[in-house]
Each structure stands twice: as structure tokens, then as C-alpha cells.
Amino acid sequence: MTYIGRFAPSPTGLLHFGSLLAALAGYLDARAHQGRWLLRIEDLDPPREYPTARLQIPRTLADFGLHWDGDILFQSDRLRHYQTALDQLHQQQRAYRCDCSRKQIQQRSGTTVYDGHCRQQPPTTETASAWRAITDDASTAFDDGVQGPQRCQLSEGGDFVIKRKDGLFAYQLAVVVDDAFQQISHIVRGCDLLEETHRQLHLQQQLGFAQPYYSHIPVASNGVGQKLSKQNLAQPLDNSRPVPQLIEALHFLGQQPPPELHDASLDELLSWAATHWHQAQIPRQPAIIWEP
Ligand code: GLU
Ligand code: ZN
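Residues numbered from 1 in each chain as written. Chains lettered and ligands numbered in written order. Predicted model: local features only at pLDDT ≥ 70, side-chain atom pairs only at ≥ 80, totals over all residues. Heavy atoms only, no water.

When helices and strands are tallied, the protein shows 9 helices and 12 strands. For the protein, the C-alpha radius of gyration of 20 Å lies close to 19 Å, the compact-globule estimate for 292 residues. With the C-alpha coordinates of the protein rotated into their principal frame, the extents come out at 70 × 40 × 40 Å. Here the protein holds 292 residues, and the buried ones make up 52% of them. Summed over all atoms, the accessible surface of the protein reaches about 14200 Å², with 50% contributed by carbon and sulfur. (Helix = DSSP H or I, 4+ residues; strand = E, 2+ residues; numbered from the N terminus. Rg over C-alpha atoms; globule rule 2.2 N^0.38 Å. Buried < 20%, exposed > 50% of the residue type's maximum accessible area, 1.4 Å probe, protein only. Areas by Shrake-Rupley, 256 points an atom, 1.4 Å probe, with all protein chains shown as cover.)

Structure, rendered in C-alpha cells:
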């Protein structure tokens, strides 16, 4: 089988240790399988974009020796394909318009879970509406490469948004369309997206796309149990000293780089890591505390 992996950061900030874990695990898994590893910038949300991130993310990856194959794919160039997928779901009666506000949903159902209101009573005007994908009672299941068997009753989370009221496409739809377009066979990413995978499997089934093989690695969390993210101001990576940060990331991922590698060059370190990559050694935990 041809292995095609990818790294798909959103340019909402600079890469930090948490992003390095996903990039490194994806890169090594692809290299260990003699596969390709693609870079996709998920720039779906211009208001949330960090001004220099689209330039700096590729530069940081290159400085860390994580060279991707082929051209970078930008989601902002792909909007018409997301619209085509949405049209298809609409034609199949698997998606509908919804103009409910978060407050209305909360008032009706007492939770943030969408109650299907607009499926029964579609918005009458052409006023701004979101689009939601219909979930059904079927459960989705997959076998995660790190976390093991996963199962979920999608309808419990309610019909979910695939295009927002402000006209922006939702991550869920775009990621599925692009994983199919780029023929991604293996997805390695953080456990923060484990639950979202069920929604993605659901859309893949509706749209007739192949299902990639998923592996969700633990996320780095700070001492108070929050995932490291741009929002809680995780320090950006230091491009001037990639080797020690890569070694730290390898330990976090359960790999055992020998001490002599501390003095290795970037290429030596990464080629050791690809040769000795053992996915089975990645801890089977959703999160691990990490203190820099
Ligand atoms: N763009 C998403 C993020 O940065 C990741 C998408 C994915 O790997 O599926 O969180
Ligand atoms: Zn609604």
C-alpha cells in the first residue's frame, strides 16, 4: 500500500512543542513506511490567522529537518471544492440550513447539543444560515493506531456545523475533502482531535471517500491539565536549537534516543529516529503533563 501522511496546522499561531509532537510523529511514521509526508496549511479562518504564521510554519519545519514532499496545499485555495461537497450532501438530504444562535439552542435544550430544530422547521428566509450535517443513530467505530478501538454514537453530539453562518467552511468538512483529495492513507495527530474523528468518518461515508488509518498521539498538557496551545501561550519553538527539542519530543513519544545523539547533527538524529521508530511505544494516554 502507498503510504501518504500529512501535517495540517492551522496558522493561528507559531508552532510550539505540542505542534512539534504531531509534526515529528507524522514525519517519522511516514519515513519509517517509505511514505510521502505532505504539508497542508488549514487557513480557513482569516480573522483568527496569525499574520506571519503561513510563512513561519514552513520555515520552522525546515529548520527542524522535517521536510515535506511536494507543494504546500493551502485550504484558502480550495473553497469551491468544499462547496461542491456541501452541495452533494444537500442533494443527498444529508445537510440542512440552520439559523439558530447558540443562545437559542441553549434555551431550547438546556445544553449546547443541537436539537435538530431547523431540520423540522427550516429557516424561511435566505438570511445568513449555517449548514449542519445530519447525524443518525448508527455508531461509528475505528481502530486507532495508538489509542486502540474507538466507538461513538454520533447523534448524541447532535447535527454538527459544516459551514458557518459567517460563510466560512468548518474544519470538519474541509479536512475530510482534503484528506480525500490528497489521498491521505495515514493520519497522525493529537488526541485533542480523537472525538472529532467520528464526525470525519461520518462525512467520509456520506461523500463516498476512503477512510484513512488514524493514530492519535498524547497531547502535551501543562501542570493544570490544559493542552498546550496557542491560546494558553505555549512558547514558540526555538529554530536555532532544533536537536534538543527533537530529543525531548522523541522521549515524550516513548522513543529512546541514546545519549550520544545529543551531539548528533539534525540529519543524523532524524535518520536514527526514522530507523528506530516504534509506534507501539507511544504512550496510550490522551495527555501527558509536560513542563519545559
Ligand atoms: N488544523 C488542525 C489543527 O491545527 C489539525 C487538523 C488535523 O490534523 O486533522 O488543530
Ligand atoms: Zn437551527
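Now that the structure has been shown, the text picks up again.
For the rest of this paragraph, the subject is helix α7 (residues 196-207). Between its first and last C-alpha, α7 extends 17 Å over 12 residues, near the 16 Å set by a 1.5 Å rise per residue. Burial of α7 is extensive: 10 of the 12 residues sit out of reach of the surface. With its phi angle positive at about 75°, Gly208 sits one or two positions after the end of α7. (Expected span 1.5 Å × (residues − 1).)

Turning to the site of ligand 1, a few remarks are in order. As a matter of local geometry, ligand 1 sits amid Arg6, Ala8, Pro9, Ser10, Glu42, Tyr171, Val175, Arg189 and Leu193. At a separation of 2.7 Å, a nitrogen atom of ligand 1 approaches a polar backbone atom of Ala8. Here a nitrogen atom of ligand 1 sits 2.6 Å away from a polar atom, N or O, in the side chain of Glu42. Looking at the shell around ligand 1 residue by residue, the classes come out as 5 nonpolar, 1 polar and 3 charged. (Near = heavy atom within 4 Å. Polar contact = N/O pair within 3.5 Å; in protein donor to acceptor, adjacent residues only side chain to side chain. Nonpolar A, V, L, I, M, F, W, Y, C, P; charged D, E, K, R; others polar.)

Surrounding the zinc ion (ligand 2) are the protein donor atoms Cys98 (SG), Cys100 (SG), Tyr114 (OH) and Cys118 (SG), at 2.1 to 2.3 Å. Bound by 4 donor atoms, the zinc ion (ligand 2) shows angles of 100 to 122° at the metal and therefore tetrahedral coordination geometry. Read N to C, the donor residues that coordinate the zinc ion (ligand 2) are spaced as C-x1-C-x13-Y-x3-C. Of this pair, Cys98 sits in strand β4 (residues 95-98) while Tyr114 sits in the loop between α4 (102-109) and α5 (117-120), placing them 16 residues apart in sequence. As far as the burial class goes, Cys98 and Tyr114 line up, both buried. (Donors = N, O, S within 2.8 Å, 3.2 Å for Na, K, Ca; no water. Tetrahedral: all angles 85-135°; square planar, octahedral: opposite > 155°, others 65-115°.)

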